[in-house]
Amino acid sequence: MTDASISVTQSVVEQFTERYLRSIGCSVERRDDRWLVSVPDDIDTEITHGRHTLVRGEGTPDDDSTKRLHPESAFFQQLLREAGERSPSGKLSIESESDIEIPEWIQNSAVEGQGAQFTPYYDRTAIVVLFRVGIETVSEYQQELLRAVAVDTRSEESLPKLAETFLDTTAVETETASGGAVQLTKTDVRPLLETARDLLLESVQGRLDDIHREASRAADAEVEEYRQMQQQRIQELQEAHSNLSSKINDLSENINTGDEDSRVEALRERKELKSEYEELDETLNELRERRDSGFPDRQREIRERHSLDVQVTPVTLTEVEYERGEIDFKLIDGSRHQTVTLGYGSGIGVADTVRCSSCERELTERNPLQTISDGLECQSCIKDR
Amino acid sequence: MSGYDLVDIEVTHEAADDLLDSLSEDGAEGEHLQSIQAVRLQAGQPDSELRSLKELDENSVKLLEHQVDAAYRALFEMDGKALLADEVGLGKTIEVGMILKEMHFRETDESVLILTPAQLAKQWQAELRDKFGLDFICNYDDEFEDFDAHDYIIASIDTAKSDRHRQTVLNRDWDILVLDEAHYVKNEETDRYDLIDRLSYNYAFFLTATPIQNELTDLYNVVSLLRPGLFGTRDVFHHYFVNSNQETLVNRDELQDRLNKVMIRNRREDTDIDFTDRTIDTRTFDPTPKERELYQAVSDYVKGAYSQDQGQKLVLMLLQKEVVSSPLALKQTIEKRLYDQSELTHADELESILDLIDEIDTVTKQERLLDIVEEARDNVEMGRVIVFTQFRATQQQILDRLVSEGYTVHAFHGGHSSSEKEQIVEDFEEEGGILVSTDAMSEGRNLQFCNILVNLDLPWNPMRVEQRIGRVHRIGQKRDVFIFNMALKDTVEEYVLERLYHKIDLFQQSVGELSSILSRLEESGTSFEDEIFERLVAADSEIDLENDFDTMAVDLQEQRELAGKLEKFNSGVFEGFDLGESDD
């Protein structure tokens, strides 16, 4: 599924900023690296009203009346937030006059195409949703994706081609797009949004799997490290344990052989050591037990900490009108002419799968049309002969 | 990769109420399009670029494409944690300089710690200052207090891990950690490894040309310091990537894929570095009988004095070096010693050395230098020659002699201000003639317009020699370079030249190759200069001395061969040669 993000160059920043400011009613006067912007009092914006100077590129920091304009500047980020929230839903039309999309099995074909004629029969509606997907784990940097998903409102079929066309249509270079008022209601949209969410998750599954594997590996390494540390601790405790034990033995001998004073002292000392010994014994046993059962609590804690948190947020929703009908492709191969009629949609391209009339294999980019002398025959067929 | 349990994935769908509510709001024409564009821009990465590039002085550093590319990838594609593993001689230091410059420009470098092998610390300091305008304090500087007293520090890793400093180093949260010769932390049981493992930092750049020293586990250790967990546990790593029976690599593609997330390795053949040829002409001359007598007297004095008082080592070493540079240099040091110091050992011997100096009327090296510069005057563009000496007194004497012969001369030494230095280099380029310089001619100076260099005397530190040559034989030099070495027969200089430098092919090595040889040597804990001096004073006879130097040369050769083998081995692992086909 196509990445919907747009990389932010300085020229894009300037293009968008100027257009946005003018669209909300500000005036912009460009003077080389400085823009004089005037924000009238009566417009609804978070940008401070009054006169500002925008300075292109980086350099000295912002002050009250001078703001920097570059991809990471605070002013531009504020502007994006505001513009993004202004009208998150709306309507766009994909016109039938838009470029006809010739299928790749014709483009790569030895047969020449001689034009195409699209006849729209009916209007269809789809929704295109831009989803923000945040993926977070402790071992990897947080990743944010923006993905477009298109779903036909009637059939709920996924329309990946339409999503691509939508992204092309809404590039920063596009200044206007025909639309009109949204027809769909909340009730219409809810189930479609569910479908779109499922499609989205399917589309990012590969990416999630990769990150999931990495996070799992990182967790595993940490568990192993912990296990080794505890093993080392057990060894240290065992050593201390046996030291204490031999000290106690020595004291017992003193008790049996020494005079009264030293016996009393040895008894007192042995008592202290014994209680220390028992404590150590308990710790050691507990640690061994935990080790033998694989430190389940700690494992759980580590794996929980490394777990993946995926947040899916629909950020914009667009009702898209497109047309469906039939398209005629005129093909010429030497003296032979043939017209192929296929189901077609504006923005989604050819909707039908076409098969070789001889072997029934699907015509594709890699197995294009080879000849029309005896029906539509594919490249593989000709090669096999 | 099997053998581990999967962690949980939790997917949360944020409520869409606000979005659905907005369906009923009528926006102005075009507003929705702008919202879509704004959201898409918010998700986009700023078109990252190295913004500090244009701040660099082109005269100080000329960046190559692969270096800029490595800096870019380390910063923007690896999120500031990268193992820079270019083959030797491709300028890893430059890549780090670029990275640090960029981070400085973006103000993400409040505290930076660069850890290097001891002998490379000062060189790092000079390079970062001269090429990138970045000022670091080095733990060998007098002003250095401790690791919590400065924000930009270059230190030897062994100083940092010493009992005295270790805790201070660890107590601090560093913004950036740079670790040169990162293969020294390959062993997880060493104090060095432990130090790096415990250090707290946000960004880290490790450098090595040979990430693997003995076995693939080395790579596991180094990479795991940078990106813990990338390779999972040690056992799983081993099990998965090494076929232990045949010691071959398995799953090589996946190893490459994972390494690509953290390691950058440029190969020489992939870059456009193309050096011109270097011709070495070593000329040894018979000293005059007076010079011979003086050399013998000084050597005897040094030997005797050192056997009585090893605390004088530095001065004695200086005398031994000066006697082959010029009588004047020697004279000034002895006079200073005689008249400035109240307590003196063997004053009478020194007095008689002074007498011997006064008797010398012909300084052989200076006379022979005239042959070289005259040849250059006839054959080379504007007769440009650079003459290097270690001593100011020698420099002055040569300058006087050359002027008396009618040559245009320029003097360059550490006493000039930096604007004066710039002017001197400029004059030399415009007027031609002879530039007589001490080793204060720093890294950053660009002297490719000259292609003849004379070593009037030789530093006992091979890095120094290479640095001299590096001033003229560098990227951008379009002509072949000629190096003349001058030495007096049967002197320490001849030994150093013939027995050591030529044996390791010093004059044909690049800085990168040399530093990898020397840092290996340094592992044994001795400095090159000390080693030479100790051998010189300890030898009982000339034959002893020759044998001693031969032994040292053998050591060096071994280090060189080892360094070469390692480099080859690493190419094998990373490019897929030598270890045979992958088993999968």
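By convention here, each chain's residues receive numbers from 1 onward along its written sequence. As a convention, the first chain written is A and the first ligand written is 1, with the rest following in written order. The predicted origin of the model limits local features to residues at a pLDDT of at least 70 and limits the giving and counting of side-chain atom pairs to 80 or more, whereas totals for whole chains, interfaces and linings rest on all residues.

A.B. asks: An account of the packing of helix H12 (residues 289–308) of chain B against helix H15 (residues 347–359) of chain B is needed here, citing residue identities and associated values.
C.D. replies: All names here are of chain B. At their nearest, the axes of H12 and H15 sit 9 Å apart, and the two run at 160 degrees to each other. Considered as vectors, H12 and H15 are oriented roughly antiparallel to each other. You can see that H12 and H15 cross each other, and the crossing is left-handed. Contacts between H12 and H15 involve Lys 290, Glu 293, Leu 294, Ala 297, Val 298 and Tyr 301 from the former and Glu 349, Ile 353, Leu 356, Ile 357 and Glu 359 from the latter. Axes, fitted as lines to C-alpha atoms, cover a helix only where it is in contact. Angles between the N-to-C directions of the axes lie from 0 to 180 degrees. Only DSSP runs of H or I covering at least 4 residues are called helices, and only runs of E covering at least 2 are called strands; the numbering of each starts at the N terminus. To sort the angles, those under 35 degrees are grouped as roughly parallel, those over 145 as roughly antiparallel, those from 65 to 115 as roughly perpendicular, and the leftovers as oblique. The hand of a helix crossing depends on one turn: near helix anticlockwise from the far one by less than a right angle means left-handed, and clockwise means right-handed. It is the C-beta atoms, placed from the backbone, that decide contacts: two residues are in contact if theirs lie within 7 Å.

A.B. asks: Account for H12 of chain B, with residues named and values stated.
C.D. replies: All names here are of chain B. Working rule for helices: expected span equals 1.5 Å times residues minus one. Look at H12: 29 Å from first C-alpha to last across 20 residues, which is about the 28 Å you get at 1.5 Å a residue. Within the span of H12, buried status applies to Glu 291, Leu 294, Tyr 295, Val 298, Tyr 301, Val 302, Ala 305 and Tyr 306. Angularly, the buried residues of H12 cover 135 degrees about the axis, an arc narrow enough to put them on a single face. In H12, the exposed positions angled more than 90 degrees off the buried face are occupied by Pro 289, Asp 300, Ser 307 and Gln 308. Partly exposed residues are those falling between the two cut-offs: more than 12 but fewer than 20 other C-beta atoms within 10 Å of their own, whereas 20 or more means buried and 12 or fewer means exposed, with C-beta atoms placed from the backbone. Arc, as used here, means the arc of the directions from the helix axis to the C-beta atoms.

A.B. asks: I'd like a rundown of the interface of chain B and chain A, residues and numbers included.
C.D. replies: The interface is formed by 42 residues belonging to chain B together with 64 residues belonging to chain A. Of all the elements in the fold, those that place two or more residues in the side of chain B that touches chain A are strand E1 (9–13), helix H1 (17–21) and helix H2 (31–43) of chain B. The dominant element in the side of chain B that touches chain A, judged by the number of residues it contributes, is H2 of chain B, at 13 residues. Under this grouping Gly is polar, as are all residues other than the nonpolar Ala, Val, Leu, Ile, Met, Phe, Trp, Tyr, Cys and Pro and the charged Asp, Glu, Lys and Arg. Along the lines of polarity and charge, the residues of the side of chain B that touches chain A split into 18 nonpolar, 15 polar and 9 charged.

A.B. asks: Give a detailed account of the sheet that holds strand E14 (residues 434–437) of chain B, specifying residues and quantitative values.
C.D. replies: All names here are of chain B. Any two strands with at least two DSSP bridges between them are considered paired. Sheet architecture is open: 6 strands sit in the order E11-E16-E15-E12-E14-E13, paired in parallel fashion. What marks the edges here is a single partner per strand, and that holds for strand E11 (278–285) and strand E13 (409–412). Across the sheet, the mean angle from the axis of one strand to that of its neighbour is 20 degrees, orientation sign disregarded. Running at roughly 165 degrees to strand E16 (residues 481–488), helix H16 (residues 364–379) makes contact with E11, strand E12 (385–388), E14, strand E15 (452–455) and E16 of the sheet.

A.B. asks: Explain the sheet that holds strand E5 (residues 152–156) of chain B to me, and be specific about the residues and the numbers.
C.D. replies: Residue and element names in this part refer to chain B. Taken in spatial order, the 7 strands line up as E4-E5-E3-E6-E7-E2-E10 in an open sheet, and their pairing is parallel. Of all strands in the sheet, those with a lone pairing partner are strand E4 (137–138) and strand E10 (263–264), marking the two edges. Examined bridge by bridge, E4 and E5 share 2 bridges and lie parallel to one another. In the sheet register, Ile 137 faces E5, and the bridge partner there is Ile 153. In the packing of helix H9 (residues 216–226) onto the sheet, contacts are made with strand E2 (81–84) and strand E7 (200–207), and the angle to E2 comes to roughly 150 degrees.

A.B. asks: Go over the pairing of strand E3 (residues 112–116) of chain B with me, naming the residues and quoting the values.
C.D. replies: All names here are of chain B. Buried residues dominate E3, accounting for 5 of its 5 residues. Side chains Val 112, Ile 114 and Thr 116 project from E3 onto one buried face, and the interleaved Leu 113 and Leu 115 project onto a second face that is buried too. Across 5 bridges, the pairing between E3 and E5 is parallel. Its bridge partner lying in E5, Ile 114 is registered against Ile 154. The pairing of E3 with strand E6 (residues 173–179) spans 4 bridges and is parallel. Directly across from Ile 114, in E6, lies its bridge partner Val 178.

As far as function goes, none of this settles anything; it's purely spatial.
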